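Working through the structure, step by step
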Amino acid sequence: MKELLYRIKQWLAGLSFRTGVVVLLCCIPFYVLSFAQMSLPISVEAKGVLLFVLFGLAKTFQYGGLTILGAEGVKRLRDWWKRRKG
């Protein structure tokens, strides 16, 4: 099992910077949906299941994107954000 997770991590780390940014940005709609679904007129159980699934997808995209970017990619994003803010 450890070897499989290591292989997946290595494969994700081999993807491009742009792919990492896109995957990281995909977590935003899932975070919004995970909490916006609370206003739907459905049962509490269905809301719980939706929260679990949507929040899990958001976290999966978040950690996947960070794995693709790596430490150097996160540093590039921080530098870009600082330059952008002025």
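In this report, the structure presented in the accompanying data block is examined. (Residues numbered from 1 in each chain as written. Predicted model: local features only at pLDDT ≥ 70, side-chain atom pairs only at ≥ 80, totals over all residues. Heavy atoms only, no water.)

Overview of the packing of aromatic side chains
The tally for this structure, following the rule as stated, stands at 4 aromatic pairs. Here the aromatic rings of phenylalanine 30 and phenylalanine 61 are separated by 5.4 Å at their centres, their planes lie at 10°, and the arrangement is stacked. Here phenylalanine 61 lies in helix H3 (residues 44-85) and phenylalanine 30 lies in helix H2 (residues 17-36), a separation of 31 residues in the sequence. Phenylalanine 61 gets classed as partly exposed once you look at its relative accessible area, which sits at 25%. Aromatic rings pair up to connect Tyr31, Phe35 and Phe55 into one cluster. Taking NZ or CZ as reference, arginine 76 lies 3.8 Å from the ring centre of phenylalanine 17, over its face. (Phe/Tyr/Trp six-rings, centres within 6.5 Å; stacked < 30°, edge-to-face > 60°. Helix = DSSP H or I, 4+ residues; strand = E, 2+ residues; numbered from the N terminus. Buried < 20%, exposed > 50% of the residue type's maximum accessible area, 1.4 Å probe, protein only. Lys NZ or Arg CZ within 6 Å of the ring centre and 35° of its normal.)

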